[in-house]
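Working through the structure, step by step
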Amino acid sequence: MAYPSHSALRAGTAVRVGSIVWPRPYFPTVHERASLVAGLIPAWAIATGRTAGWVWTGMGLPEPWSVLRPAQPAPSPLERMEWGARTLNPAQHQIEVFGGLTLVSPETAAIEILLRDGCPDSAATQVAMLSTLPTNHLRRRALERRVTLAQRRRLETILVAVDDVRRRYPDITR
């Protein structure tokens, strides 16, 4: 971290979000989060999963980065390895452009979060804020994809946590 960022954090004129330093004394709005992420990921990358979830909700953290790549034109193999980008599947991923960032829709982000790695509590909070669908509908939508046994277990763990978040905080999640 650069000295000016450290100084701003100590002075209370900047906010830390994971490894990102937001140079304002308030948490970034959805438009600001989109612009911030757009400036930190490659131009070809499509934000998905926890990264898109953070942009849409402000919950959790945007990192580790979760991105998709277009099938054509494909980024170099080195970039794909560095960014761990999976290929965009138009049948599964609804895309939006928001604040200069290409990212998946809130509904798509919720399904991606349910099936990918990350903290189950953070994932549950993001899913609860991204979707109003009952957990049985979320389960059905997630299982429309090809999933591993580990992903099924993760899905069930997160869905239990989503129900818990909705039960405990009905005024926030509705």
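On a predicted model such as this, the values are computed, not experimentally measured, just so you know.

**Thoughts on the packing of aromatic side chains**
According to the stated counting rule, one finds four aromatic pairs in the structure shown. Ring geometry for W22 and Y26: centres 6.4 Å apart, planes at 70°, overall edge-to-face. A relative accessible area of 37% means that Y26 is categorised as partly exposed. Sitting over the face of the ring of W54, R33 holds its NZ or CZ atom 5.9 Å from the ring centroid.

**Considerations on the pairing of strand β7 (residues 101-104)**
As paired strands, strand β6 (residues 95-98) and β7 are joined by four bridges and run antiparallel to one another. What sits directly across from F98, in β7, is L101. Where β6 folds back on β7, the antiparallel hairpin that results is connected by two residues, among which G99 adopts a positive phi of roughly 60°.

**Section: the environment of A43**
Take A43: it is sitting in the loop between α2 (30-38) and β3 (46-47). Residue A43 is classed as exposed on the basis of its relative accessible area, which comes to 86%. In the structure, A43 is positioned 58 residues away from L101 in sequence and 8.6 Å away in space, judged by C-alpha atoms.

**Let's talk about the packing of helix α5 (residues 106-115) against helix α8 (residues 149-168)**
At their nearest, the axes of α5 and α8 sit 7 Å apart, and the two run at 115° to each other. Contacts between α5 and α8 involve I113, L114 and L115 on the former and, on the latter, Q151, R154, L155, I158 and L159. Of the residues that constitute the contact of α5 with α8, the class distribution is six nonpolar, one polar and one charged.

**Re the packing of helix α6 (residues 120-130) against α8**
A pair of packed helices is captured by two measures, namely the crossing angle of their axes and the spacing between those axes. Viewed as axis vectors pointing N to C, α6 and α8 meet at an angle of 60°, and their least axial separation amounts to 8 Å. Looking at the two axes, α6 sits oblique to α8. At the point where α6 passes α8, the crossing takes the right-handed sense. Note on element contacts: α8 touches α6 through R154, T157, I158, A161, V162, V165 and R166, opposite P120, A123, A124, T125, V127 and A128.

**A word on unusual backbone geometry**
Going from E63 to P64, the amide bond is cis rather than trans, its omega being -5°. Position of P64 among the secondary structure elements: in the loop between α3 (49-57) and β4 (67-69). Note the cis peptide between Q72 and P73, where omega equals -15°. Within the secondary structure, P73 is located in the loop between β4 and α4 (77-83).

**A look at the layout of surface pockets**
Empty space within the largest pocket amounts to approximately 300 Å³. Every residue lining the largest pocket is counted, 22 residues in all, and those nearest its centre are R50, P64, S66, D117 and G118. Of all elements in the fold, only α3, α5 and α6 reach the threshold of two or more residues within the lining of the largest pocket. Counting residues per element, the lining of the largest pocket draws most heavily on α6, at three residues. Here the residues of the lining of the largest pocket sort into eight nonpolar, seven polar and seven charged. Computed from the structure, the second largest pocket encloses a volume of approximately 160 Å³. Looking at the lining of the second largest pocket residue by residue, the class counts come to three nonpolar, four polar and three charged.

**Side note on the nonpolar core**
Counting residues in each nonpolar core, the largest one holds 43 residues, and the members touching the most others are I41, A52, V55, L101, L103, L114 and V127. Not counting residues up to four positions away in its chain, the partners in contact with A52 are A47, L103, V104 and A109.

Cut-offs applied
- Residues numbered from 1 in each chain as written.
- Predicted model: local features only at pLDDT ≥ 70, side-chain atom pairs only at ≥ 80, totals over all residues.
- Heavy atoms only, no water.
- Phe/Tyr/Trp six-rings, centres within 6.5 Å; stacked < 30°, edge-to-face > 60°.
- Buried < 20%, exposed > 50% of the residue type's maximum accessible area, 1.4 Å probe, protein only.
- Lys NZ or Arg CZ within 6 Å of the ring centre and 35° of its normal.
- Pairing = 2+ DSSP bridges.
- Helix = DSSP H or I, 4+ residues; strand = E, 2+ residues; numbered from the N terminus.
- Axes fitted to C-alpha atoms, helices over the stretch in contact; angles between N-to-C directions.
- Contact = heavy atoms within 4.5 Å.
- Nonpolar A, V, L, I, M, F, W, Y, C, P; charged D, E, K, R; others polar.
- Parallel < 35°, antiparallel > 145°, perpendicular 65-115°, else oblique.
- Left-handed = near helix turned anticlockwise from the far one by under 90°.
- 1 Å grid on protein atoms, 1.4 Å probe; cavity = no way out; pocket = protein on both sides within 12 Å on 5 of 7 lines; lining within 4 Å.
- Points joined across faces, edges and corners; volume = space filled by probe spheres on them.
- Core = buried A, V, L, I, M, F, W, Y, C linked by side-chain atoms within 4.5 Å.

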